[in-house]
Structures are given as structure tokens and as C-alpha cells.
Amino acid sequence: MSSKSENRNSNYRKPRKGKWIIIAVTITLGLAALWTINRFASQIRKSEQEKVRIWASAISQKAELMSSTETFFNEVGIDERRKVKLYIDVLQSFNNRDLSSDAEFYLSYVSYIVDSSQTPFMILDKDTLITSCGNIMPTPEQDRALIGKKASPQLLIDFSHNPPFHYNVWGIPLTLMYKESQIYTDMRSVLDNLNRSFLSEVTNNSVFVPVIVVDSTRSRILGSGNINNSDFATPDKLQNKLKEMANENDPITLRLANHRLAYVYYEPTPLLKLLRIIPIFYLFIALVLLLISYNLFRTAQSDEENRIWVGMAKETAHQLGTPISSLSGWADYLQGKTLEEPYISEIRKDIDRLDTIARRFSKIGSVPELNDEDLCEVIRHTINYMEKRSPRKVNFVTTLPDRPVIAPLNRYLFEWVIENICKNAIDAMEGKGTFTTIVTTEGNNIHIDLCDTGKGITTQNQKLIFESGFSTKQRGWGLGLSLAKRIIEEYHKGKIQLKYSVPGQGTVFRVTLKK
């Protein structure tokens, strides 16, 4: 390729470089905005994660406190039973005939311990008559009033929660029954209320953490909050939801009253979930803006090229009009003179050719009129004209259907497409080779394959051949194939493509039209 051709292609690439610079600037600005937004969202995300972490830590600490309180109450219950057992042991010591005078003191001491712990108890004989009792009624007088009476069924039920003690004193079988002290019962009630309020606090938390609390079997729901009930409406849905939440965070173990275990499953807050997808959302927006910017740039560039081509075409048609009229007058004047008729005929053909070219240029930029034409006849006419004006070593082969192929055409513009491709083929073959035209039909489509045996097109240039301004010729302007593409695709609603090209073997262009 000569230096002139290289300069022309470098000038062609300048607008492309400018386009990529604009795109690069747009991408940079978009990425900067995305980074800023993502940084802001990341700060909010970290803040939300810290809130959830503090909430989970508080829940774990409260769970440990509940567990310690439960242990304490269990020990209190054991201590109360131990005191009652000690009281029984002292009573049974009366069976020992070697009992010293301190027995009465021990009995009084143990009775004081039992009374001070306010543990309700009653001693029954074999007929369930109350022989002794304490801390059952509000006052000691009322307790003494029960002695000698038979224990009522309700009283037996109230004292049935703890295993009774059976013992003998001087051969008399007795049974001691007791229940937790009022202090223990009140504290147990407080602990139960604390358990319920704790579960409520877990589920209805202030940081809007979606929570499900289940029992040790993980099948019974003890509470839930900030979550749609339909997500765990069935056992299968519950297990799937628990598995999903466990993948997000490890469940927290709670120890409730009566050695019960519970598990707290939780997942990120809705805000955290939203913040996860915000970067993707803004990336999508950035891509959309990038595409819009690119399309606007392409549209503006295309409009500018259209205005230049239309202006050039109109001016060319205007400038050709005057010499064509003059040449037509001279041809009329020479007709019948000493020149032979064949020469006059050829002059007339070239003048008609110039008139056709002027008509072609005049139609650029306006909506061309399409008429039903026999495509085979149009191609045959164009190839015959090109064959007479091409080097003799170029062989033209035309394969056309036997019947007419009718298609809506603007004859002047369509012949221009065939001529441009034919001229490029002759230049590529350097005046020696075969140019083949094949017309086939496929359904409602008409395919025109234009083949040459020239030097072919390199892979690097194949993507650029239809761009305006691109040319590998020393004196080419890169408008032929660009105009051909515009004529076929915009005016005739067809398609033109490079079907095949191998350097050193040849090139095939395919034009597709609708019948």
C-alpha cells in the first residue's frame, strides 16, 4: 500500500480513535460514580452488619444469663429438698433409744430451717390424716387447725409435684409431702415471664432482623418476627427456610426453663439484602448510560456523514447536468455528419451513462421510488456494460434462473451497487481473472452472489470494508461499499455481506433481496 493510502486510512482511523476516547471517558466517569456509590453503600452495609452483630451478641449473653438463672433455680430446688430430707432424718432419729437430750434441740433447729425457708409441708399417716404441717396456710394458727384432719384431694394434688418421703417413727408409718416455697414459686414465675419476654424481645427486635425461634427438634416454632409467615407455612418450607438462614448465620442456642433448648435462626435485614444488589443495579445503569452515549455518538456521526454525502451527491448531480446537456447537443449535431453511425451510437451510450450517474447522485438523500423489475434483466444489462469496458483478460460468468425474477428495485441505484462491486473485483484481480454472478432464490429471498478470483481481503480489514472512508486503494475514497450498503439495506430493505474472502484466492459478496 502506498504512503497516500496509508495517510488516508490513518485519517479514517482518527474519528474512530476519538469515539473510543469518548467511550473511555464515559466508562471512567461511570466507574468513578459507581465506586463512590458502592463506597457509600458499603459503609451503610457495615453499619447494618454491626447492628446485627451487636444484637446477636446481646442475645447470646442474655441466653447465658437465662441458663445461669435456670441453674440457680435448680440448685434452690435441690436445697429445699435437702432441708426437708434433713428434717426427716432428725424425725427418724427418735427411733434410736440411745437418743441424747440434744434431740429436742436438733428437732427445733431443723424445724426452724424448714420454717425459715417457708417450705410448705405436711406429714400424713396411713389414713392421710394430717399429723403435722407448716407454711400451708397464711398463718400458723390456720396451719394448726389442719392437724388431725384428713387431707383434701386438692391439697394432695398441690403437694404431688415433688416425690414424697416415707419413713417410720416408733413403728408408725408416716409420709411427708412438700412443695416449693412461696419465694421459690414467685421467683419461678418471674423467670417464666422473663423467658416469655426474652423470646418476644428476640423475635420483635428493634433492628428488624428476620428471626425464627424453634424448639430442640427444630420442627416446632416458638416465635418469629420480621418475616413473612408464608415462608414457613408448611414443615417443608420451614426446614428449607431454616437451612437458608443457617447458611447466612450460625443459629444461637438458648437454654430455657426446665432444661429446654431453643434455637434462634436469623438472616440479614431487608436493608442489608438491598445493599447487596445496589452495586449490580448501578453497574446496570452505568452500562445503559454507556450504550445510550455510544448510540448518540454513532447517530450524530452518522447524521453528519449523511449530510456530507447528500450535499456531495446533489452538488455532483448539479455539476454533471451542464456538460451532459452540452454533450447531448453536440451528439445531435454530429449525427448525420461524416462520422460513422457506430461511433455516434457509442457516444450516445456514454452520454446516457453520464445521465444515469447524475440521476443516481440526485437520488441520494431522498426516498427512492421502487418499481417491480426483472432482476435478471437488470443484472444482465449491467454486466454486459461492464464487460465491454473491462480488460479482455477478465472473464465474466453469469448464472441466472431461466424464468424472470421480479423484485422491487430502483434500477439506477441497484445497478450502481453491482458496478461498484464489479469495479472493486477488477481492481483486486489486477485486470486478470474471473468475475462470476450467480442469482438463486430461497423461499421469499433472492440471493445475488458476486465472486472474483482476486487477491482477497485480509481478516483485519474484513470488519472495516463497509465503513465510510476506509480504502486500501491508492486513489480510493472508501465510499463505494459504504454507499452499496446504504442502498441495499436502507433503500431496498435487503442485506449485503461479505460471504467469503481468503487472501490469494478471492472474495464473494452476497446481496439478499425480498421478492
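This one's a predicted model, so the numbers in the text were calculated from it and none came from an experiment.

Participant: Help me out: how do you make sense of the overall build of the protein chain in this one?
Facilitator: Of regular secondary structure, the protein chain possesses twelve helices and 15 strands. When each of the 515 residues of the protein chain is scored for burial, the buried share is 37%. Partitioning the contacts of the protein chain with sequence separation of at least 6, the portion at a separation of at least 24 is 65%. Summed over its atoms, the accessible surface of the protein chain is roughly 30500 Å², and 56% of this surface lies on carbon and sulfur atoms.

Participant: Help me understand the confidence of the model for the protein chain in this model?
Facilitator: One rule of thumb: low pLDDT means the predicted coordinates there are not for detailed reading. Here the protein chain shows a mean pLDDT of 77. Residues at 70 or above account for 71%. Considering only residues more than four positions removed or in separate chains, one finds that residues 1-14, a stretch of pLDDT under 50, has 24 contacts.

Participant: How do you make sense of the pattern of salt bridges when you look at a structure like this?
Facilitator: Oppositely charged side chains are able to pair whenever their charged atoms sit close together. Evaluated as defined, the whole model comprises ten salt bridges. With a closest N to O distance of 3.2 Å, Arg411 and Glu415 form a salt bridge. Of the two residues, Arg411 and Glu415 both sit in helix α10 (residues 411-429), four residues apart, roughly one turn of that helix. For Arg411, a relative accessible area of 22% corresponds to the partly exposed category. On the accessibility criterion, Glu415 (4% relative accessible area) is buried. Of the charged contacts, one joins Glu489 and Lys485 as a salt bridge, the two residues approaching to 3.0 Å between their closest N and O atoms. Residue Glu489 and its partner Lys485 are both found in helix α12 (residues 480-491); the two are separated by four residues, about one turn of the helix. One network of salt bridges, in which partners are shared, links Glu373, Glu377, Arg411 and Glu415.

Participant: Hey, could you run me through the nonpolar core in this one?
Facilitator: Looking at soluble globular proteins, one finds that nonpolar side chains tend to be buried together. In terms of nonpolar packing, the biggest core is built from 42 residues, with Leu375, Ile379, Phe414, Phe435, Ile448, Phe509 and Leu513 touching the most fellow members. Of all the elements, α10 adds the most residues to this core, at ten residues. Not counting chain neighbours up to four residues away, the residues in contact with Phe414 comprise Leu375, Val378, Ile379, Leu409, Ile448, Ile488, His492, Val511 and Leu513. Of all hydrophobic cores here, the second largest spans eleven residues; its members include Val84, Val169, Leu176 and Tyr178.

Participant: How do you make sense of the sheet that holds strand β12 (residues 433-442) when you look at a structure like this?
Facilitator: Strand pairs in the sheet, formed through backbone hydrogen bonds, run parallel or antiparallel to each other. The mixed open sheet is built from five strands, whose spatial order is β10-β12-β13-β15-β14. The open sheet has two edge strands with one neighbour each: β10 (394-399) and β14 (495-502). Mean inter-strand twist for the sheet, computed between neighbouring axes without regard to direction, equals 15°. Pairing between β10 and β12: six bridges, direction parallel.

Participant: So what exactly am I meant to see when it comes to the packing of helix α9 (residues 375-388) against α10 here?
Facilitator: Packed helices, taken two at a time, are described by their axes: the angle between them and the distance between them. Where α9 meets α10, the axes come as close as 10 Å, and the angle between the chain directions of the two elements is 45°. With respect to each other, α9 and α10 are oriented oblique. Crossing of α9 over α10 shows right-handed handedness. Listed contacts from α10 to Leu375, Glu377, Val378, Ile379, His381, Thr382, Ile383 and Met386 of α9 are Arg411, Phe414, Glu415, Ile418, Glu419, Cys422 and Lys423. Split by residue class, the contact of α9 with α10 holds eight nonpolar, two polar and five charged.

The rules we used
- Residues numbered from 1 in each chain as written.
- Predicted model: local features only at pLDDT ≥ 70, side-chain atom pairs only at ≥ 80, totals over all residues.
- Heavy atoms only, no water.
- Helix = DSSP H or I, 4+ residues; strand = E, 2+ residues; numbered from the N terminus.
- Buried < 20%, exposed > 50% of the residue type's maximum accessible area, 1.4 Å probe, protein only.
- Contact = heavy atoms within 4.5 Å.
- Areas by Shrake-Rupley, 256 points an atom, 1.4 Å probe, with all protein chains shown as cover.
- pLDDT = per-residue confidence, 0-100.
- Salt bridge = Lys/Arg side-chain N within 4 Å of Asp/Glu carboxyl O.
- Core = buried A, V, L, I, M, F, W, Y, C linked by side-chain atoms within 4.5 Å.
- Pairing = 2+ DSSP bridges.
- Axes fitted to C-alpha atoms, helices over the stretch in contact; angles between N-to-C directions.
- Parallel < 35°, antiparallel > 145°, perpendicular 65-115°, else oblique.
- Left-handed = near helix turned anticlockwise from the far one by under 90°.
- Nonpolar A, V, L, I, M, F, W, Y, C, P; charged D, E, K, R; others polar.

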